[in-house]
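# Structure assessment
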Amino acid sequence: MARYTLRRTGAAIIVLLILSFVAFMLINLAPGNALLAQIATSGSIGAATNSEQLALFEKELGLDRPVLERYGDWLWNALQGDLGKSLVNRDSVAKRIGQRLPTSIELLVIGSIVAGLAVPLGVMSAVRHGGKLDYSSRVFAILGLAIPNFFIGIIVILIFSRWFNLSLPTVPPAEIWEDPVVNLQKVIAPGLVLGVALIATVMRMARSSSLEVLNEDYVRTARAKGLRERVIVMRHVVRNSMIPIITIYGNQFAFFLGGAVIIEQLFLVPGIGEMTITAINQRDYPLVMGATFVLGTVVVFTNLVVDLSYGLIDPRIRYG
């Protein structure tokens, strides 16, 4: 187990290095720079776009150096915990991310709790195969897979605006320890929308995995021994069907974060996703790189935890 953990951790580090390199190159391939983006935003194009000013700006920020040299400097500083400073306002990237990350974590926690409801629904759908609950859950899962989360978000915004006279995007943000009520008003709806986007996939996997386990010989043997159906489901079905469910949950986590970026922009939630979109529009390379690296680390770490959890769920699994 220890050797396997070390190998998987080493592979995760390599993945993060590749991620940082590809992200850095793609960001620097984008046309324009931070100065041109600010000029375009302010509407003063033509007033400060001469080559001398651009050259001076690039030299001050080190953008005139070769891209590989700049990547090497960024990587060396990142390994020491320094993600650089924003090109727009010169704030620390780590500080900016630290201010936005708690809100994004709130969304992920709410969405994960909602998605967790898919497991018992999927198991019950399999146990009552062919019944009303089974058909209802399958229809809900198909709709959840077919409808994009941003469309669901728009519908939620319209419902709250029309029925409750509440504009969710304009609700002022607040820290949960300062004003919990306002904070929940801001994050509960987008968190639920994120959860709905994932609940359909998890529910279908829970149903199919549970159906497979229900047809195993040891389940038939347990029924022949006279065990109650509840005991059979909880002791045999749920535990033996958890590995594929956890696998799909871990694989979907990257899409979960991607959906969070869109939902944060839609609901104007001041999270790391909304910050990243703004940084991309402003060509704020250090901020984009910092956010990408942090989100990538979360995804890689989640998949590492999923891999290591297999042995805890199923004692028959042994790592070489």
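Computed from a prediction, not measured in an experiment: that's the story for all the values here. (Residues numbered from 1 in each chain as written. Predicted model: local features only at pLDDT ≥ 70, side-chain atom pairs only at ≥ 80, totals over all residues. Heavy atoms only, no water.)

### Details of the pattern of salt bridges
Side chains bearing opposite charge may pair, as long as their charged atoms lie close to each other. The final tally for this structure, using the stated rule, is 5 salt bridges. A salt bridge links aspartate 217 to arginine 220, with the nearest nitrogen and oxygen atoms 2.3 Å apart. With a gap of 3 residues between them, aspartate 217 and arginine 220 both fall in helix α10 (residues 217–224), about one helical turn apart. Residue class for arginine 220 comes out partly exposed when judged on its relative accessible area of 45%. The salt bridge partner of glutamate 229 is arginine 223, with a shortest N-O separation of 2.9 Å. The exposure class of arginine 223 is partly exposed, given its relative accessible area of 37%. (Salt bridge = Lys/Arg side-chain N within 4 Å of Asp/Glu carboxyl O. Helix = DSSP H or I, 4+ residues; strand = E, 2+ residues; numbered from the N terminus. Buried < 20%, exposed > 50% of the residue type's maximum accessible area, 1.4 Å probe, protein only.)

### As for the side chain of serine 104
You can see serine 104 is positioned in helix α5 (residues 93–116). For serine 104, the side chain forms a polar contact with the side chain of glutamate 264, separated by 2.8 Å. Among all residues touching serine 104, those that are not within four sequence positions of it are Glu264, Gly271, Ile272 and Gly273. (Polar contact = N/O pair within 3.5 Å; in protein donor to acceptor, adjacent residues only side chain to side chain. Contact = heavy atoms within 4.5 Å.)

### Let's talk about the packing of α5 against helix α13 (residues 272–281)
Two numbers describe how α5 lies on α13: the axes approach to 7 Å, and their chain directions differ by 135°. Classified by the angle their axes make, α5 and α13 are oblique. When α5 is examined against α13, the residues Arg96, Ile97, Arg100, Leu101 and Ser104 are found in contact with a partner set consisting of Ile272, Gly273, Glu274 and Met275. (Axes fitted to C-alpha atoms, helices over the stretch in contact; angles between N-to-C directions. Parallel < 35°, antiparallel > 145°, perpendicular 65-115°, else oblique.)

### Brief notes about helix α8 (residues 149–163)
Along its 15 residues, α8 runs 21 Å from first to last C-alpha, staying within 8% of the 21 Å computed at 1.5 Å per residue. Within α8, the full set of buried residues consists of Asn149, Ile152, Gly153, Val156 and Ile157. Around the axis of α8, the buried residues are gathered within 140° of arc, so they sit on the same side. Residues of α8 that are exposed and point over 90 degrees away from its buried face: Leu158 and Arg162. (Expected span 1.5 Å × (residues − 1). Arc of directions from axis to C-beta.)

### A look at the side chain of threonine 276
Relative to the elements of secondary structure, threonine 276 occurs in helix α13. A distance of 2.7 Å separates a polar side-chain atom of threonine 276 from the backbone oxygen of isoleucine 272.

### Overview of the packing of aromatic side chains
Following the criterion strictly, the structure yields 5 aromatic pairs and no others. For the pair phenylalanine 21 and tyrosine 71, a centre-to-centre distance of 5.3 Å together with 80° between the ring planes defines the contact as edge-to-face. Of the two residues, phenylalanine 21 is situated in helix α1 (residues 2–29) and tyrosine 71 in helix α4 (residues 67–79); the sequence distance between them amounts to 50 residues. Ring geometry for tyrosine 71 against tryptophan 74: centres 6.4 Å apart, planes inclined by 25°, an arrangement best described as stacked. Here tyrosine 71 and its partner tryptophan 74 are both found in helix α4, 3 residues apart, which amounts to about one turn of the helix. Residue classification places tyrosine 71 among the buried residues on the basis of a relative accessible area of 10%. For tryptophan 74, a relative accessible area of 9% corresponds to the buried category. (Phe/Tyr/Trp six-rings, centres within 6.5 Å; stacked < 30°, edge-to-face > 60°.)

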